[in-house]
Amino acid sequence: MRFSLDLCFLALYWKIYKQESPLFFRSIVCCLEHPSSVGRDLQARVAMDLFIQPIIEMIKCISGPVARRINYVRNLTKNFNELKDKAAELFTKRDDIKDRVDQQKIEKAPTKECERWLEKVGEIENNLKIIEEEYNAEKKWLKGWCPDICSRLKLGERVVDMINNVKDTYEKSKFEGGFVADLPLEKVVEELVPSLTAKAAADRTLKKVMDCIGDKKTQKIGIWGMGGVGKTTVMKLLNNTLEITTMFDVVIWVTVSKSWSIRKLQDEIAERLSIKITKVSDSGAARKLFQVLKGKKYLLLLDDVWEMVELNDIGIPNTSQDNGCKVILTTRVLDVCREMGTDVEIKVEELSKEEAWEMFHLEVGEVVVFPAIKPLAEDIVKKCDGLPLALKVVGRVLRKREKVDFWSDFLRDLKSPTTSFVDAVDEKVFKPLKVSYDHLKDTNKKCFLYCGLYPEDYEIGKSELIRYWIAEGFLSGKLTFAEARVKGDVILEALIDSSLLERCEEDEYVKVHDVIRDLILRLTSPNGEESTYLVRAGANKSKELLEDMKWSSATRMSYMCNNQLHSLPKSFRSPKLLTLLLQRNKELRVIPEYFFNYMPYLQVLDLSYTRISSLPTSISNLVSLRALFLRKCYDLKALPEEVIALKGLEVLCVTRSQMECIPSRIWELNNLKCLKFSSLNFTGEKKAVISSGMISRLSLLEELSILGRWFCLLSDESVDTVTKELSNMTRLSSLEFEFRRVDNLQHFIQNSKPWRDGNLEKFLFLVGISSRNYESVEIFRGQKRCLFYDGGGEGGARDGDGSNIIPPAIMEVLARSYAFYLRNHYGELKNLSDLDTRGLKKCGVERCGAIETIMGSSGDGVEVPDAFPNLEILKLRDLPNLKCIMEGLPMQPRKSFTSLKELSLTGCGRIKKVFSWGLIRQLHNLERIWIDKCPELEEVISVEGNDCEMHEYREVLPKLRFFCCYDLQNFVSFFGGISLSLPSLIKVHFFSCPKLKRISFGVDNAPNLRQIYGSKQWWEALEWEDDAIKSRLDPLFNGFFD
C-alpha cells in the first residue's frame, strides 16, 4: 500500500510538472478516497498509467537532446571541416573588405559598424585556432583505453555554435550603408620639414610668431624676407607645432605662389576640408567654404604670397577677436603684408656669422676644420652672406670633399658669377631668387640692376644712386629733380620691401646682399638676359686698367674702389657705354688725353675721390653726358675750357677741390639743373667765385650748392645783387649758400617764391659764418634742412636795429629746420627752449654767454610745452653760464628729449649736475654721453632727497652704450652712488677725474661691458665694496692713457 501511494504521488508530481488537465486530478482523488471499493486490478492499471507512462514520456523528452549530443561527437569531423570552409569564406570576405578600405584610406575611413565587424571576425579567427588545436590533440581517457567522450562532446557543441556564428557574421558583411565613410577632419596635416642645420635661427623666428598668435589683438601676421632665408621652414615648423592643435579647430596650409587664382586656392582649401566644389562656380564655392568654416576657429597659413589675395572672395570668414581665427602669410614683398592688412610683420633675417659657420659646418662635415681648407671655407661662408639656401646648396656640393684644389676652384667660380657657373648654385639658388626680380616692374628692374655696379658689402648712398638713375633716364624726364628724388625713394622702398635691397644702420644708405649681387652680375653678364655690365668694383688687384674685349659690348662699367689702380688706357673704345664709374681710386692721378674719344653715348661719369688734377680736352667728345661727378677730388685745380661742349649736361658736382673759382664758361651750360661747387683752396689767390649776372643765366637750376671755406664766394659789390638773383630763381628745390649778413637772408625769404610756397625742400643756410668756423657744419651731415647762425659776438651779425636778439629771419628759418647750430650769440637768450625747437633733430650751441639752461622753467607753475621732442644729437660747447640741461619743472614734459641719442658737453664751467631724476626717466634712447673740461661737474645724475621713488627707475638708460669723462676735476659719481641697470653699456672712458673713487657699474648691472679705459694709477686707487668685483673687471681694463 505504501508503494502504491508513493507511485501515485510520483505520478501526481509528474502530471503537475507536465501541467495535465483537471480530470486527471479528480481520478487520483477518487482512488485515494475509496481504496476498498477499487479492485486490485484497478490499482494495477492506475499504477501502470501513473508510473510507466511518465517514464516513457520522460524518455521521449530526453531522447532529442541526447541524440543531438551524440551527433556532436559522431559528426565532429564533418562539422569541423564545414566550420573551416565557412570560416575560410568569411576570412576571404574580410580580406577583400580590408583591401578596399586600404585602397581608400587617403580619403576614406572604415565605418564604426565595419570596425566592429572586423573585430568580430578577428575574434572568430582566434577562437578557430583554439578549436583547431583541441581537435588535433590526442586526448585519451583512462590512460588510453577509451576516448574522452565528454571533451569531444563539448568540442562538438562549440563547433556547431561557431558554424552558426560564422554564418551570421558573413551575412552581416553586406553593410547596406557602406563599409567606409569620409575621413574625420584632421586638425593639422603635418608638413614635411627638411633636416634643420640652422634650427636656432628658425626657432627664434618661430617664437616671435607664437607670441603674436597668443595675442588676441593680433589677427593677421606677415612673415617676410628674401628668397631662401627660411620663411617656409618657419611656417612648416609652426604648422607642426603641437601647441597649435590645442589652439585651433583646424589648420589650413595653402601654397599660393605667383601663378595663383581664386579657383586654385578654393580647390586646395576644399580638399583640405574634404568637401567637393567641382560643379559650382567660384562664388558658389566661396559660399560653401564659408558655411563650413564660419563655425570653426581656423588658422590659415598662406605660403609664398606675391600679391594681394582677397580672402572673402575665396570664402574665408573674417578674423576677429571674438572668433579667435588667425591668418599668417609668408612673402618676399613687405607691401603684400600691408595690402593684406597684417597687424604684425616679422622679418626673417639672414644668419649671423656664427650661425652661418655652424650651419655650413654641419652641412659639409669635419672637413671644414682641416687647416688647409678652413680659410677657403670661411671665404665661401662669407660669400653666402648668411643666406640659408645658399649655405645648404653650397654645403652639399662640398660635403666631405677633402681635396684643397677642389675647394680653391669652387671658391674661384663662386667669386666669378659672370664667367663661371656652378650648376647646383645656378639651379637651386639663383633660379628661385630670380623670381623676385621677374616680379618687378620694368623701371624697378633697371634701377635694381644698377645696384650691381657697387662692390660687395658696399653701403650705397641713396641720393647718389638716385642721381645716377635720373641721369640715365630711368625716372621720367618730365619730373623735376625733387619729384624724381621722391620717385626714387619710392623705388628704393619697393626694392627693400621686395627683399632685394637691405637697409643700413644709417637711413641714407642701402646695400645689396652678396648673393643678390651675384644674381645681378649673372643677369648682366655677356651670357645673361639683360644689358651687359662690366663690373670690377673693389677688385684691388690690378694697377692698370687693361683692355678688355667686353668693353665694346658693355653698357655700364664700374671700376670703383680699386685702391691699386693708378693708370688708364690711352684709348677706351666703348661705343655702347652709358655709365662709367671710376670713383674712389685713390691712386688714379691722370686721365689720358684721348681717353674719352670713343664714348659717344656716355651719360654718367663719376671720377670722385680720385687724385686727378685736371680733365683731358677729350671730355668735349662726351656730347651725351648728362651728369659729371668730381666730388672730393682734392687735387683738382681746373676744368678745361672744353667743358662748354657738354651742352646736355644737367648735373655738375665739383666739391672740395683746389679750384680757385668756377670757370666762367660753366655759366653758359644753360641746361644745368644741379650745380654743386665747394673749394678747399688754401694758397691760391682769393678770387670771388660768383659775379653779378652769372647765376641768373642758369634759369633751369633746381639745385644749387656753392660753399667757400678759406675765401669769400662773393665780392662785397656783388653780395646784394647775387642775393636778388637767388631770390628770383623760381625752380629751386635745394639751396646751400652762405649769406654774409642777416639782411641778405631776410631779403631771400621775403622774395623767394620757392621759399614762400614751401617748395625749397632742402637747404643749408650759413649766416654770418667765418672761415675758421666751417668745420662745425659737419654736425649737419645727413640732414635736409639746416641753419648755421654765427652771431659774431658783440657787434657781430645783428638784427637790423643793432640789438643782440635772435633776428626774425633766423627765427623763421629755424621753424623749418631739422638741424641748428648757434654760435657767438651774446644776447638775452637764457633758455634755448625759448626758441622753436620742436622740429630739430640735431642741435649745437657754442660760445653763447647768456645761456643758463637748455630747457628752462616757466617759473609760474604753468606746464612748459614739450621742447626738443625729435632731438637726437645735442652738442654744447664753451657755455660759461650753463647750469643744467633742464631745470626742475612743476610738471615734467613727457616728450622732451625722448629721442635724444647723443649728448656732448665740453667746456661748460658752471654746470654741476647734468640730469635730474625727472629728466633721466625720459632718456630711454640715449646711447652716447661725452663730457669734457667741465671743472665744477660733480655728478651726471642728480639725486635729491625728495627722489623717494628713484628705485622704480633703476633701468632708466636701457640703450646707453658709450660714456666718456675727460678732465673733470670735481667729478665724484655718475649715478649718485646708486647701482643702475645698464644692459647695453659697452665702453667707458675716465681720464683726469681725481675725485672719482668708486664706479657703480660692473659685470652684474652692465653685462655687456667690454672695455674700461683710464690711468692705471686711478684704477688701482679705486675703492671696491668687494675685491671680487675688481677681479671680474680687471680683464676689461685698459691703461690706455698711461
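Residues numbered from 1 in each chain as written. Predicted model: local features only at pLDDT ≥ 70, side-chain atom pairs only at ≥ 80, totals over all residues. Heavy atoms only, no water.

The name given to the protein in an unreviewed UniProt entry is AAA+ ATPase domain-containing protein, with Nyssa sinensis as the source organism. The UniProt entry for the protein carries the following comment under Sequence similarities (unreviewed entry): "Belongs to the disease resistance NB-LRR family." (UniProt positions renumbered as here; feature names shortened; annotations may be inferred.)

The next point concerns the overall build of the protein. The number of helices and strands found in the protein is 29 helices and 36 strands. For the protein, restricting intrachain contacts to residue pairs at least 6 apart in sequence, the fraction spanning at least 24 positions comes to 67%. About 50800 Å² of surface is accessible on the protein, with carbon and sulfur atoms providing 50% of the total. (Helix = DSSP H or I, 4+ residues; strand = E, 2+ residues; numbered from the N terminus. Contact = heavy atoms within 4.5 Å. Areas by Shrake-Rupley, 256 points an atom, 1.4 Å probe, with all protein chains shown as cover.)

Let us now look at the confidence of the model for the protein. The predicted model of the protein averages 83 in pLDDT, with 83% of residues at 70 or higher. Considering each helix and strand of the protein separately, the mean pLDDT is smallest for helix 1 (residues 2–18), with a value of 41, and largest for strand 16 (residues 604–606), with 97. Scored below 50 in pLDDT, residues 1–32 makes 22 contacts in the model with residues more than four places away or belonging to other chains. Confidence drops under a pLDDT of 50 for residues 794–803, and excluding neighbours within four residues, the segment shows 13 contacts in the predicted structure. (pLDDT = per-residue confidence, 0-100.)

Strand order in the open sheet formed by five strands is 6-7-8-5-9, and the pairing between neighbours is parallel. Of all strands in the sheet, those bounded by a partner on one side alone are strand 6 (250–255) and strand 9 (344–347). Geometrically, the sheet is characterised by an average inter-axis angle of 15 degrees between neighbouring strands, direction not taken into account. (Pairing = 2+ DSSP bridges. Axes fitted to C-alpha atoms, helices over the stretch in contact; angles between N-to-C directions.)

For the pair helix 15 (residues 374–384) and helix 16 (residues 388–398), the least separation of the axes is 9 Å and the interaxial angle reads 150 degrees. Compared by their axis directions, helix 15 and helix 16 come out roughly antiparallel. For the crossing formed where helix 15 meets helix 16, the hand is right-handed. Contact residues: I380, V381 and C384 in helix 15; A390, L391, V394 and L398 in helix 16. Looking at the contact of helix 15 with helix 16, its residues break down into seven nonpolar, no polar and no charged. (Parallel < 35°, antiparallel > 145°, perpendicular 65-115°, else oblique. Left-handed = near helix turned anticlockwise from the far one by under 90°. Nonpolar A, V, L, I, M, F, W, Y, C, P; charged D, E, K, R; others polar.)

Here we have three strands laid out as an open sheet, ordered 10-12-11, and antiparallel in their pairing. Here the strands that pair on one side only, and so sit at the sheet edges, are strand 10 (460–461) and strand 11 (502–503).

To continue, consider unusual backbone geometry. In most cases, non-glycine residues show a negative phi, while peptide bonds are predominantly trans. Phi at N824 takes a positive value of approximately 55 degrees, unusual for a residue other than glycine. Residue placement: N824 occurs in the loop between strand 24 (819–823) and strand 25 (842–846). For N824, a relative accessible area of 10% gives the class buried. (Buried < 20%, exposed > 50% of the residue type's maximum accessible area, 1.4 Å probe, protein only.)

In terms of nonpolar packing, the biggest core is built from 142 residues, with F765, F897 and F971 touching the most fellow members. With sequence-adjacent residues up to four places away left out, F971 is seen in contact with L937, E938, E939, V940, F963, C965, F990, C993, K995 and L996. Residues V251, I491, L581 and V651 belong to the second largest nonpolar core, which totals 101 residues. (Core = buried A, V, L, I, M, F, W, Y, C linked by side-chain atoms within 4.5 Å.)

What follows covers the packing of helix 15 against helix 22 (residues 514–523). Following both chains from N to C, one finds helix 15 and helix 22 inclined at 80 degrees, their axes separated by 6 Å at the closest point. Put simply, helix 15 runs roughly perpendicular to helix 22. In contact with K382, K383 and C384 of helix 15, helix 22 contributes D514, V515 and D518. Grouping the constituent residues of the contact of helix 15 with helix 22 by class yields two nonpolar, no polar and four charged.

Counted by the stated rule, this structure contains 46 salt bridges. A salt bridge links K84 to E132; its shortest N-O distance comes to 3.8 Å. With K84 in helix 4 (residues 76–103) and E132 in helix 5 (residues 112–136), this residue pair connects regions lying 48 residues apart in the sequence. Taking relative accessible area as the criterion, K84 reaches 36% and is therefore assigned partly exposed. One network of salt bridges, with partners in common, ties together R94, D95 and E125. (Salt bridge = Lys/Arg side-chain N within 4 Å of Asp/Glu carboxyl O.)

On to the packing of aromatic side chains, then. Summed over all chains, the structure comprises 28 aromatic pairs. Aromatic ring contacts, followed pair by pair, group F737, F739, F748, W755, F763 and F765 into a single cluster. Sitting above the plane of the W306 ring, K258 keeps its charged end 5.5 Å from the centroid. In this structure, R816 is placed above the aromatic ring of W755, and the distance from its NZ or CZ to the ring centre is 3.9 Å. (Phe/Tyr/Trp six-rings, centres within 6.5 Å; stacked < 30°, edge-to-face > 60°. Lys NZ or Arg CZ within 6 Å of the ring centre and 35° of its normal.)

Counting buried positions along strand 8 (residues 326–331) yields six of six residues, so the element is predominantly enclosed. Both strand 5 (residues 220–224) and strand 8 contribute to a ladder of five bridges, which runs parallel. Across the sheet, I221 pairs through a bridge with I328, a residue of strand 8. When strand 7 (residues 298–305) meets strand 8, the two strands line up parallel, connected through five bridges. Bridged to L299 within strand 8 is K326.

Glancing now at the environment of K830. Considering the arrangement of structural elements, one finds K830 in the loop between strand 24 and strand 25. Residue class for K830 comes out partly exposed when judged on its relative accessible area of 42%. Distance in space between the C-alpha atoms of K830 and T853 is 6.5 Å, their sequence separation being 23 residues.

Quick look at the side chain of E464 now. For E464, the position within the fold is in helix 20 (residues 462–472). Classification of E464 by relative accessible area gives buried; the value is 12%. For E464, the contacting residues outside a window of four places in its chain are Y454, Q583, D606 and R631.

This paragraph deals with the side chain of D514. Of note, D514 is situated in helix 22. Comment: no salt bridge for buried D514; closest opposite-charge side chain is K382, at 4.8 Å. (Lys, Arg positive; Asp, Glu negative; His and termini not counted.)

Turning our eyes to something else, we now look at the environment of Y135. Note on placement: Y135 falls in helix 5. Once the C-alpha coordinates of Y135 and L155 are considered, the two residues, 20 residues apart in sequence, prove to be 7.6 Å apart. What Y135 contacts, discounting residues up to four positions off in sequence, is L76, T77, F80, R152 and L155. Of note is the side chain of Y135, whose polar atom sits 3.1 Å from the side chain of T77. (Polar contact = N/O pair within 3.5 Å; in protein donor to acceptor, adjacent residues only side chain to side chain.)

Taken as a whole, helix 17 (residues 404–414) has its buried residues at W407, F410, L411 and L414. With its buried residues spanning 100 degrees around the axis, helix 17 presents them on a single face. (Arc of directions from axis to C-beta.)

Our focus in this paragraph is helix 22. Of all ten residues that make up helix 22, ten are buried, and the element is covered over most of its length. Among the residues of helix 22, D514, V515, I516, R517, D518, L519, I520, L521, R522 and L523 are the ones counted as buried.

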